[in-house]
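Chain by chain, the residues run as shown.
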Amino acid sequence: MIKKEIIEEVIEEIEKKENDNRVAKRLVEVKFDNGMALSYLSEIEEIEVGDLVTVEGKLEDEIGVVKTVKKSFKTPKFEMKWIERVLDRDVTGNYFKLGEDMVSTYCSLTAEKFITMFAGLKYKDNKAVGEDEIELDLANFEDDEMFDNELVKIRGKEIFKANGVMFISLQDGIGKAIVRGSEWYEIDFRCKSGRITYIACDCPYFGECKHEVAFLYKLRDFWKKFSKQSNSDNFVMCRKEYFNAILSNGKGKVSMKL
Ligand SMILES: [Zn+2]
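Residue numbers here run from 1 along each chain, matching the order of that chain's written sequence. Residue-level local features of this predicted model are given only where pLDDT is at least 70; pairs of side-chain atoms are given and counted only at 80 or more, and the full residue set underlies all totals for whole chains, interfaces and linings. With hydrogens and water stripped out, all remaining heavy atoms of the structure feed into the side-chain values.

Another aspect to go through is the side chain of Arg-26. Locating Arg-26 in the fold gives a position in strand β1 (residues 26-31). Using a 1.4 Å probe on the protein chains alone, a residue whose accessible area is under 20% of its type maximum counts as buried, one over 50% counts as exposed, and one in between counts as partly exposed. The charge count includes Lys and Arg as positive and Asp and Glu as negative, but it does not include His or the ends of the chains. Any carboxyl oxygen of Asp or Glu that lies within 4 Å of a side-chain nitrogen of Lys or Arg is treated as forming a salt bridge with it. No salt bridge is formed by the buried Arg-26; its nearest oppositely charged neighbour, Glu-45, is found at 4.2 Å. Not counting the four nearest positions on each side in its chain, Arg-26 is found in contact with Tyr-40, Leu-41, Ser-42, Ile-44, Glu-45, Ile-47, Val-69, Lys-70, Lys-71 and Phe-73. Going along the chain from the N terminus, every DSSP run of H or I of four or more residues is numbered as a helix, and every run of E of two or more is numbered as a strand. Any two residues having at least one pair of non-hydrogen atoms within 4.5 Å are treated as being in contact.

Below, the structure written as structure tokens:
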């Protein structure tokens, strides 16, 4: 049996060799939320001022904004950390306005892009993979025994009414929603013929939470309006103010029907 430590050593050795082959194409200054600005090397030539990036080193869990990009620079003698990746912010697609929301039946705005653009969070790719199938009718979900906590339902309705559901996407029955409570939370869900067959929120609350309630109220309300305009089962919905921010910050092409 090969010891775990030996495997880890070998992996480390391989990674070190790969890293040694990196070519610094740009010297980049990155500003972080805490006000700190630090310099990094970048292999990516296309990196631009305003790009959102993740980096190596002690700030690896943060998302920073590129402030300056230098094409010509002396390779520093001291060891520098590297830009890990540039977050994708291109958004393309056709949108129409539905109340206070913007909706598209085909566009490239994913939950990952939405989260990294606006919540400053790293996307957690927990897909809806739970085994526990449920059968929740959107029309009267609040009467289901799953939602037997009255306080959770009241709080959930408050979040819904305060426009706390920022984003919902549904593609081939698999969906994701972003709900803003005290923090931003991700909800994974599955939906078949208007019935919710799986739902999970990443907040620490045990059992069905107020974010799920807020999301279900919003989805029901949304679906009523949406089904009058489109017969598609796939859609992306985001709050109008975020859509406007995408138009002013994004690099992609977005067209609108008002
Ligand atoms: Zn929750």
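From this point, the narrative continues.
Atoms of type N, O and S within 2.8 Å of a metal are treated as its donors, and for Na, K and Ca the window is 3.2 Å; water is not considered, so some sites may appear to be missing partners. The protein atoms that coordinate the zinc ion are Cys-201 (SG), Cys-203 (SG), Cys-209 (SG) and His-211 (ND1), at distances of 2.2 to 2.4 Å. Each of the four donor atoms around the zinc ion contributes to a set of angles spanning 103 to 114°, which defines the coordination as tetrahedral. All donors of the zinc ion belong to a single chain; written as a sequence motif, their spacing is C-x1-C-x5-C-x1-H. Take Cys-201: its relative accessible area is 17%, and that puts it in the buried class. Geometry assignment treats four donors as tetrahedral when all angles are between 85 and 135 degrees, treats four as square planar and six as octahedral when opposite donors are over 155 degrees apart and all others between 65 and 115, and treats everything else as irregular.

Moving on, we come to the packing of aromatic side chains. The criterion for an aromatic pair is that two Phe, Tyr or Trp rings (for Trp, the six-membered ring) have centres within 6.5 Å, with stacked assigned to planes under 30 degrees apart, edge-to-face to planes over 60 apart and tilted to the rest. Following the criterion strictly, the structure yields 14 aromatic pairs and no others. Here Trp-184 and Tyr-242 contribute two aromatic rings whose centre-to-centre distance is 6.1 Å and whose plane-to-plane angle is 85°, an arrangement assigned as edge-to-face. Highlighted residues: Trp-184 in strand β11 (residues 184-192) and Tyr-242 in helix α5 (residues 240-249), separated in sequence by 58 residues. Assessed through its relative accessible area of 11%, Tyr-242 is described here as buried. Centroid distance Phe-222 to Phe-235: 4.5 Å. Interplanar angle 35°. Geometry classified as tilted. You can see Phe-222 sitting in helix α4 (residues 210-229) and its partner Phe-235 sitting in strand β13 (residues 235-239), a full 13 residues away along the chain.

Here we take up the pairing of strand β2 (residues 37-42). As paired strands, β1 and β2 are joined by six bridges and run antiparallel to one another. What sits directly across from Leu-27, in β2, is Leu-41. Two strands are said to pair when DSSP picks up at least two bridges between them. The antiparallel hairpin formed by β1 and β2 contains five residues in its connecting segment, where Gly-35 sits at a positive phi of about 90°.

Here we take up the pattern of salt bridges. A complete count under the given rule lists 15 salt bridges for this structure. Among the ionic pairs, Glu-150 bridges to Lys-153, the shortest N-O distance being 3.4 Å. Taken as a pair, Glu-150 and Lys-153 lie in helix α3 (residues 150-161) at a separation of three residues, close to a single helical turn. The buried category is assigned to Lys-153, whose relative accessible area is 13%. Here Lys-176 and Asp-188 are joined by a salt bridge, their closest N and O atoms 3.1 Å apart. In this pair, Lys-176 is assigned in strand β10 (residues 174-180) and Asp-188 in strand β11, connecting sequence segments twelve residues apart.

To estimate the expected span of a helix, count its residues, drop one, and scale the result by 1.5 Å. For α4, spanning 20 residues, the distance from its first C-alpha to its last is 29 Å, which sits close to the expected 28 Å at 1.5 Å a residue. The largest bend along α4 measures about 30° and falls at Trp-223. Bend angle per residue: angle between axes fitted to the 7 residues ending at that residue and the 7 residues starting there.

Take the packing of α3 against α4 next. Convention adopted: a line fitted to C-alpha atoms gives each axis, helices being fitted over their contacting stretch, and angles between N-to-C directions are expressed from 0 to 180 degrees. The N-to-C vectors of α3 and α4 enclose an angle of 55°; their axes lie 7 Å apart at closest approach. When the axes of α3 and α4 are compared, the pair comes out oblique. Judged by the sense of rotation from one axis to the other, the crossing of α3 with α4 is right-handed. Across the interface between the two elements, Val-152, Lys-153, Arg-155, Gly-156, Lys-157, Ile-159 and Phe-160 of α3 pack against Lys-210, His-211, Val-213, Ala-214, Tyr-217, Lys-218 and Asp-221 of α4. In this classification, the charged set is Asp, Glu, Lys and Arg, the nonpolar set is Ala, Val, Leu, Ile, Met, Phe, Trp, Tyr, Cys and Pro, and all remaining amino acids, among them Gly, are polar. In terms of residue class, the contact of α3 with α4 is made up of six nonpolar, two polar and six charged. Note that the term roughly parallel is reserved for angles under 35 degrees, roughly antiparallel for angles over 145, roughly perpendicular for angles of 65 to 115, and oblique for everything else. Left-handed describes a crossing in which the near helix is turned anticlockwise from the far one by less than a right angle; the clockwise case is right-handed.

This brings us to the environment of Arg-22. Position of Arg-22 among the secondary structure elements: in the loop between α1 (4-20) and β1. Taking the C-alpha atoms as reference points, Arg-22 and Trp-82, separated by 60 residues in sequence, lie 9.5 Å from one another. Aside from chain neighbours lying at most four places away, what touches Arg-22 is Glu-43, Glu-56 and Trp-82.

Just distances and angles here, no functional claims.
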